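Chain by chain, the residues run as shown.
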Amino acid sequence: MGEGGRTTRECRLLHVDMDCFYASVMLRDHPDLVGAPVIVGGADRGVVLSANYPARAAGVRSGVPTRQALRVCPDAVVLAPDFTAFSEVSRAVLAIFEEFTPQIQVLSLDEAYLDVAGAVRLLGPPDRIAEQVRARVWDDQGIRCSVGVAATPTVAKMATNRAKPDGVCVVPPAEAVAFLRGHRVEQVYGVGPRTAAVLHRLELHTVADVAAVPPEVLEAALGRHTGRWLWQLAHGRDHRAVEPGRSQQRAERSMSNESTFAADTADAAELARHLLRLSTKLAGRLRGAGMAARTIGVRVRYHDFATLERSRTLREPTDVTHEVFAAARGLLAALRTADPTRPVRLLGVRATGLVTHDRWQPQLVLGERAEGWADLDRAIDRAAARFGGSMVRPATLVRPPEAGAATSEDGGGGGPGRSTV
Ligand SMILES: [Mg+2]
């Protein structure tokens, strides 16, 4: 262990991940709640998006229904998510990363790889750079993050899990194999529940177990590609590559907003209102992220949990509320014609095929796109930024009382490394 740091230039990769990102952002505006269990998510029939550590300690997990989480942790305070704030903080954090290196691969709103090889001469060894990044993020944004430092992406990402919360974990190349083999298979970045289940059936529970069998066994059980990848990883060969610069459009390949209704409904007007509200939110998030969607999708879950989805690719990408809603309304109408009286439990709108503004120059064909709609959206965004989103809504949303619908977000897409096998 060298003086002042355990890392060398070889250990050039930082995986930076905000701690309980959604909850941390929401807590900045609620300092009185720090230390109390906090859930960010939809109230009533919604789901948990994120929970802070006190809530997690009580057994709250993201993705479970909020009601269920409140049974586990009755003292928890439920805060509604503020997606505009999330994307603002995300962009600010990315700007901080760019102070350290231009070699960045963004994996999601709150997670990125930084290749800091080029910064070592100026800033010191990577583990010290990791502390500098953490200090900058905390000073500037009031958010804690954890950093894994390693020579390869998989190890760096897994080191971050070990570092959490609010820490740094360095895995020098010489220790990477031992580090990996100390993990259970389901803890390996890229091993999903199905793969883990297959491995457990073979009595392979740890990466050390995996390393001890011939590669053919893994290939037979998991398929050639996955089997070989896992075997090589267990032997210290990580072929996953960091792709700097391919950030935003890869990080968020989709966005969606959905609502579970307080009561199932088959009322067309009510469904249209929900659809407009969801479309408004979704388009606002697209604009907040500087993105436009090529494809709009609609998801309907019926009272019996049967779920149908339809999507349509537009002639050109859009971030315009009116266009998102028009596409979504057409899709919903097509879905409902078969069974117009079937009660709907959940409605969702999804944007996929996302492109960033720098890659998308709106083609202003006269008469093709109503310019006024985009202007209206921008005005709404500005007003929402000043007065809060609930103040400013399209007029059709103002009239009826909202049916206590809670919005959950599935984060959508995920980075290239996010895929589970
Ligand atoms: Mg995180």
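Residues numbered from 1 in each chain as written. Predicted model: local features only at pLDDT ≥ 70, side-chain atom pairs only at ≥ 80, totals over all residues. Heavy atoms only, no water.

**Q** Explain the sheet that holds strand E4 (residues 77-79) here, please?
**A** Strand pairing in a sheet relies on backbone hydrogen bonds, with the paired strands running either antiparallel or parallel. Spatially, three strands are ordered E3-E2-E4 in an open sheet, and the strand pairing comes out mixed. Because the sheet does not close on itself, it has two edges, and the strands there are strand E3 (48-51) and E4. Strand-to-strand twist of the sheet, defined as the mean angle between neighbouring strand axes without regard to direction, takes the value 30 degrees. Two elements, strand E2 (residues 38-41) and E4, share three bridges in a ladder whose sense is parallel. (Pairing = 2+ DSSP bridges. Helix = DSSP H or I, 4+ residues; strand = E, 2+ residues; numbered from the N terminus. Axes fitted to C-alpha atoms, helices over the stretch in contact; angles between N-to-C directions.)

**Q** Before we go on, may I ask you to explain the pairing of strand E11 (residues 307-318) in this structure?
**A** In summary, the side chains of a regular strand alternate between the two faces of the sheet. Strand direction decides the pairing type here: strand E10 (residues 291-302) and E11, joined by eight bridges, are antiparallel. Across the sheet, residue Ile296 finds its bridge partner in E11, namely Arg312. Two successive antiparallel strands, E10 and E11, enclose a turn made up of four residues, where Phe305 displays a positive phi of approximately 75 degrees.

**Q** Even after reading the chapter, I still don't get the nonpolar core, so can you show me in this structure?
**A** Soluble, globular proteins show a tendency: their nonpolar side chains are buried together. In this structure, Leu14, Val16, Met18, Phe97, Leu114, Val133 and Val137 are the most contacted members of the largest nonpolar core, which totals 41 residues. Elements with a minimum of two residues in this core: strand E1 (13-18), helix H1 (21-28), E2, helix H4 (83-100), strand E5 (104-108), strand E6 (111-115), helix H6 (126-141) and strand E7 (145-150). For this core, the element with the most residues is H4, which contributes nine residues. Every residue in contact with Val137, bar those within four places of it in the chain, is listed here: Met18, Val93, Ile96, Phe97, Gly142, Ile143 and Cys145. Listed in part, the 33 residues of the second largest apolar core include Cys169, Val191, Val207 and Trp231. (Core = buried A, V, L, I, M, F, W, Y, C linked by side-chain atoms within 4.5 Å. Buried < 20%, exposed > 50% of the residue type's maximum accessible area, 1.4 Å probe, protein only. Contact = heavy atoms within 4.5 Å.)

**Q** Where do I start with helix H14 (residues 268-288) in this structure?
**A** In an α-helix, one turn spans 3.6 residues; hence positions three or four apart end up facing the same way. The end-to-end C-alpha separation of H14 is 30 Å, in line with the 30 Å expected for 21 residues at 1.5 Å each. Gly290 lies just past H14 and shows a positive phi near 65 degrees. (Expected span 1.5 Å × (residues − 1).)

**Q** It is not clear to me how the confidence of the model for the chain should be interpreted in this structure. Could you clarify?
**A** Averaged over all residues, the pLDDT of the chain is 82; the fraction at 70 or higher stands at 81%. The low-confidence segment residues 397-421 (pLDDT under 50) makes 72 contacts with residues lying over four places distant or belonging to another chain. (pLDDT = per-residue confidence, 0-100.)

**Q** Honestly, unusual backbone geometry in this entry has me stumped. Any pointers?
**A** Both trends apply: most residues other than glycine have a negative phi, and most peptide bonds are in trans. The residue after Lys164, namely Pro165, is reached through a cis peptide bond having omega -10 degrees. Position of Pro165 relative to the elements: it lies in the loop between helix H7 (153-163) and strand E8 (168-170). Although it is not a glycine, Cys20 adopts a positive phi angle of roughly 45 degrees. As for its placement among the helices and strands, Cys20 is situated in the loop between E1 and H1.

**Q** How do you make sense of the sheet that holds E6 when you look at a structure like this?
**A** Taken in spatial order, the five strands line up as E5-E6-E1-E7-E8 in an open sheet, and their pairing is mixed. With one partner strand each, in any of the chains shown, E5 and E8 form the two edges of the open sheet. Strand after strand, the sheet turns through a mean of 15 degrees between neighbouring axes, direction not considered. Packed onto the sheet, H4 meets E1, E5 and E6 and runs at close to 155 degrees relative to E5.

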